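Here is how the chains run, residue by residue.
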Amino acid sequence: MSGSYDHTVKLWDRRQAHSATTSFDHGCPVEAICLLPNGSLLASAGGHEIRIWDLLAGKLLTIMSPHNKTITSLGLASNGTRLVSASLDRQVI
């Protein structure tokens, strides 16, 4: 998996190193990505938005805008049940 300033989130197959198997358009530069515990959902962060992608269906599930400035980090809470984000607005949500 990779997120890029070209606005894309890409999934790679190690057996096919030269091309991504799946690509999603986040809509702005991607600052962080996080694979969720079930393995079939991926969160991407960029701009003021967090987008949740269904990797199996290959589609966008939801968009959240919890911050007022660029989101720079994503992670999981220690118990793995909550997505945590940090932003240039100095908030961790």
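Now for a look at the structure at hand. Please read all numbers here as calculations on a predicted model, not as lab measurements.

Take Thr8: it is sitting in strand 2 (residues 8–12). Side-chain polar atoms of Thr8 contact the side chain of Asp6, separated by 2.5 Å. If sequence neighbours within four positions are ignored, Thr8 has contacts with Ser2, Gly3, Ser23, Phe24 and Val30.

This next bit is on the nonpolar core. Of all hydrophobic cores here, the largest spans eight residues; its members are Ala32, Cys34, Ala43, Ala45, Ile50, Ile52, Ile71 and Leu74. Those elements that place two or more of their residues in this core are strand 4 (32–35), strand 5 (41–46), strand 6 (49–54) and strand 8 (71–76). Each residue touching Cys34, except ones within four places of it in the same chain, is listed here: Leu41, Leu42, Ala43, Leu74, Gly75, Leu76 and Leu83. Leu11, Leu42, Trp53 and Leu55 belong to the second-largest nonpolar core, a separate cluster that totals seven residues.

Further remarks concern the sheet that holds strand 3 (residues 20–25). Taken together, three strands build an open sheet; the order of strands is 1-2-3 and the sheet is antiparallel. Single-partner strands in this sheet number two, and they are strand 1 (2–3) and strand 3. Relative to strand 3, strand 2 runs antiparallel, the two being bridged by five bridges. Residue pairing across strands places Leu11 opposite Thr22, the latter belonging to strand 3.

Moving on to the environment of Leu83. By the element assignment, Leu83 lies in strand 9 (residues 83–87). Between the C-alpha atoms of Leu83 and Ala43, which are 40 residues apart in sequence, the distance is 8.6 Å. Once residues within four sequence positions are removed from consideration, Leu83 is found in contact with Cys34, Leu36, Ala43, Ile50, Ile52, Leu74, Gly75, Leu76 and Ile93.

Under the definition given, this model contains one aromatic pair. Relative to Trp53, the ring of Phe24 lies with its centre 4.6 Å away and its plane at 25°, an arrangement referred to as stacked. Placement of Phe24 in strand 3 and of Trp53 in strand 6 is noted, with a sequence separation of 29 residues between them. According to the relative accessible area criterion, Phe24 is buried, its value standing at 5%.

About the cut-offs
Residues numbered from 1 in each chain as written. Predicted model: local features only at pLDDT ≥ 70, side-chain atom pairs only at ≥ 80, totals over all residues. Heavy atoms only, no water. Helix = DSSP H or I, 4+ residues; strand = E, 2+ residues; numbered from the N terminus. Polar contact = N/O pair within 3.5 Å; in protein donor to acceptor, adjacent residues only side chain to side chain. Contact = heavy atoms within 4.5 Å. Core = buried A, V, L, I, M, F, W, Y, C linked by side-chain atoms within 4.5 Å. Buried < 20%, exposed > 50% of the residue type's maximum accessible area, 1.4 Å probe, protein only. Pairing = 2+ DSSP bridges. Phe/Tyr/Trp six-rings, centres within 6.5 Å; stacked < 30°, edge-to-face > 60°.

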